[in-house]
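# Architecture and fold: a report
Letter by letter, the chains look like this.
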Amino acid sequence: MNRSDILYWLCENRPEKLPKLWQWANRVRRENAGGEIHLRGLIEISNHCVRQCAYCGLRHDNRNLERYRMNKMEIMESVRKAVHLGFGTIVLQAGEDPGITSEWMADLIRRIKSETSLAVALNLGERNERELAIWRQAGADRYLLRFESSNQKLYQKYHPARPFQTGDRFDLLRVLKKLRYEVGSGIMIGLPGQTFDSLIRDIQLLKELELDMVAVGPYIINPETPLGKSWAEHLARPEFQVPNSDEMAYKTMAVTRIICPLSNIPVTTATASVGGRDGLEVGLGRGANVFMPNLTPANYRCKYRIYPSKSRFSVDDFDSLSHLRFRIKKLGRRLGEGRGDSKRYVAEIKRSIFQELIS
């Protein structure tokens, strides 16, 4: 797909034309990523955050949010639940929380790896190279760091740097690759001020970065944030502004699958949320092969309010997992077994090992 092709499909709204895009994306997914749907057990271990992102309910200055930080015993209970339910991966997610120290997290990772066969993915924001190396050495397998927007002016407007610090997420993505993490990133669709030109560049960057996992999801208005209170004031001209609709999220996901055929692509909770009751099924039929049910304890889950209604996609027991399995079976798909590493990552590791052997 070239730039013109991407623009064509992003702007295509005719109901009779879009099935061609959905079928194309589904075929590419089937031929390259396979038919399995891999589940990642999401554990939101802390809602503390030092950042002031204008769109996020976890932002430091949100005084209406009751903060929490799970202890290791609580986290391990959720980890054991993931094992019990047959998951192959857990995702430890938090705001950018300095209270999660490198040593504390490394000890937790070692404990998880010694007691289970789970792959451990981290989503902890911008951390320095030393911390990332310590966690990789402790056994962490994956790291997720969304760059949200390639438009630096737009990114800095809504995602200001910490005082006296500058962070470049693209540099950190390169560091993660150097450390041989399985690397995930992604973008936000429909941020006020995001134009189609900007979104096209975002999508092209997803391909250029050679990512193992790609997450695309719509901006969801949170009325407890500065942007949520004034989002209409920041919109681009109507003909240029990317909508934050479910259809635009699905079109972006489908295009991304076509240009990143070997990457794992989840139906994000944001996409599933705006997609309504069948948002999960629709996303899985338009190029996605991963879903991340929430395993955070219920007493904490309701406090991880990045945006309204985030916590409804959860799996707490075999009954809820059986219901999810039934929904997936109706699509003619099945749940994957094991870690579910991306085909791109597996191929890259094999190439690296071969080069080391012959050098």
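First, a word on scope: everything that follows refers to the structure included in this document. (Residues numbered from 1 in each chain as written. Predicted model: local features only at pLDDT ≥ 70, side-chain atom pairs only at ≥ 80, totals over all residues. Heavy atoms only, no water.)

## Quick look at a nonpolar patch on the surface
A surface patch of nonpolar side chains, amounting to about 340 Å² of accessible area, comprises Ile353, Leu357 and Ile358. By the secondary structure assignment, Ile353 is in helix 15 (residues 343-358). Judged by its relative accessible area of 42%, Ile353 is partly exposed. (Patch = residues over 30% accessible without salt bridge, like charges linked within 9 Å, V, L, I, M, F, W, Y side chains within 5 Å. Areas by Shrake-Rupley, 256 points an atom, 1.4 Å probe, with all protein chains shown as cover. Salt bridge = Lys/Arg side-chain N within 4 Å of Asp/Glu carboxyl O. Helix = DSSP H or I, 4+ residues; strand = E, 2+ residues; numbered from the N terminus. Buried < 20%, exposed > 50% of the residue type's maximum accessible area, 1.4 Å probe, protein only.)

## Structural notes on the pattern of salt bridges
One pass over the structure, following the stated rule, counts 30 salt bridges. Put simply, Glu36 and Arg334 hold a salt bridge, and the shortest N to O gap is 3.6 Å. Here Glu36 is found in strand 1 (residues 36-46), whereas its partner Arg334 is found in strand 9 (residues 334-335), with 298 residues between them in sequence. By relative accessible area, Arg334 is classed as exposed at 51%. One salt bridge in this structure joins Glu348 and Arg344, with 4.0 Å as the shortest N-O distance. Separated by four residues within a single helix, Glu348 and Arg344 lie in helix 15, roughly one turn from each other. Where salt bridges share partners, they join Lys113, Asp141, Arg142, Glu182, Arg339 and Asp341 into one cluster.

## What about the pairing of strand 5 (residues 182-189)?
Both faces of the sheet carry side chains from a regular strand, because those side chains alternate between them. Where burial is concerned, most of strand 5 is hidden: eight out of the eight residues are buried. Covered by surrounding structure in strand 5 are Glu182, Gly184, Gly186 and Met188 together with Val183, Ser185, Ile187 and Ile189, the residues of both alternating faces. Bridging between strand 4 (residues 142-144) and strand 5 involves three bridges; their strand directions are parallel. Bridging across to strand 5, Tyr143 finds its partner in Val183. Where strand 5 meets strand 6 (residues 213-218), six bridges bridge the pair, whose relative direction is parallel. Along strand 6, the bridge assignment pairs Ser185 with Val214. For the crossover from strand 5 across helix 8 (residues 196-208) to strand 6, the handedness is right-handed. (Pairing = 2+ DSSP bridges. Right-handed = clockwise from strand over helix to strand, strands pointing away.)

## Looking at unusual backbone geometry
The phi dihedral of Glu148 is positive, around 65°, even though this residue is not glycine. Considering the arrangement of structural elements, one finds Glu148 in the loop between strand 4 and helix 6 (152-158). If you check the backbone angles, Arg180 has positive phi at about 65° while not being a glycine. Tracing the chain through its elements places Arg180 in the loop between helix 7 (169-178) and strand 5.

## Describing the packing of aromatic side chains
Applying the stated criterion across every chain, the model contains four aromatic pairs. Ring centres of Tyr68 and Tyr300 lie 4.6 Å apart, and the angle between their planes is 20°; on these two criteria the pair is classed as stacked. Of this pair, Tyr68 sits in the loop between strand 1 and helix 3 (72-85) while Tyr300 is found in helix 13 (residues 298-301), placing the two residues 232 residues apart along the sequence. Assessed through its relative accessible area of 12%, Tyr300 is described here as buried. Arranged with centres 6.0 Å apart and planes meeting at 80°, the rings of Tyr143 and Tyr181 form a pair that is edge-to-face. Highlighted residues: Tyr143 in strand 4 and Tyr181 in the loop between helix 7 and strand 5, separated in sequence by 38 residues. Tyr181 shares its class with Tyr143; the two are buried. The side chain of Arg136 reaches across the aromatic face of Tyr181, ending 5.6 Å from its centre. (Phe/Tyr/Trp six-rings, centres within 6.5 Å; stacked < 30°, edge-to-face > 60°. Lys NZ or Arg CZ within 6 Å of the ring centre and 35° of its normal.)

## Some words on the nonpolar core
With 103 residues, the main nonpolar core has Leu92, Met105, Leu122 and Trp135 as its most contacted residues. The biggest single contributor to this core is helix 10 (residues 246-259), with eight residues. What Leu122 contacts, discounting residues up to four positions off in sequence, is Leu92, Met105, Ile109, Trp135, Ala140, Arg142, Tyr143 and Leu144. In terms of nonpolar packing, the next biggest core, distinct from the first, is built from seven residues, Leu42, Val91, Val290 and Met292 among them. (Core = buried A, V, L, I, M, F, W, Y, C linked by side-chain atoms within 4.5 Å. Contact = heavy atoms within 4.5 Å.)

## What to know about the environment of Met1
Positionally, Met1 belongs in the segment before helix 1 (3-11). Sequence-wise, Met1 and Asp141 are 140 residues apart; in three dimensions their C-alpha atoms are separated by 31 Å. Discounting residues that sit within four places of it in the chain, Met1 has contacts with Ile6, Trp9, Leu21, Trp24, Val255, Ile258 and Ile259.

## Looking at helix 10
The terminal C-alpha atoms of helix 10, which comprises 14 residues, lie 20 Å apart, in line with the 20 Å expected from a rise of 1.5 Å per residue. Counting buried positions along helix 10 yields twelve of 14 residues, so the element is predominantly enclosed. (Expected span 1.5 Å × (residues − 1).)

Read these as layout, nothing more, since geometry by itself doesn't imply function.
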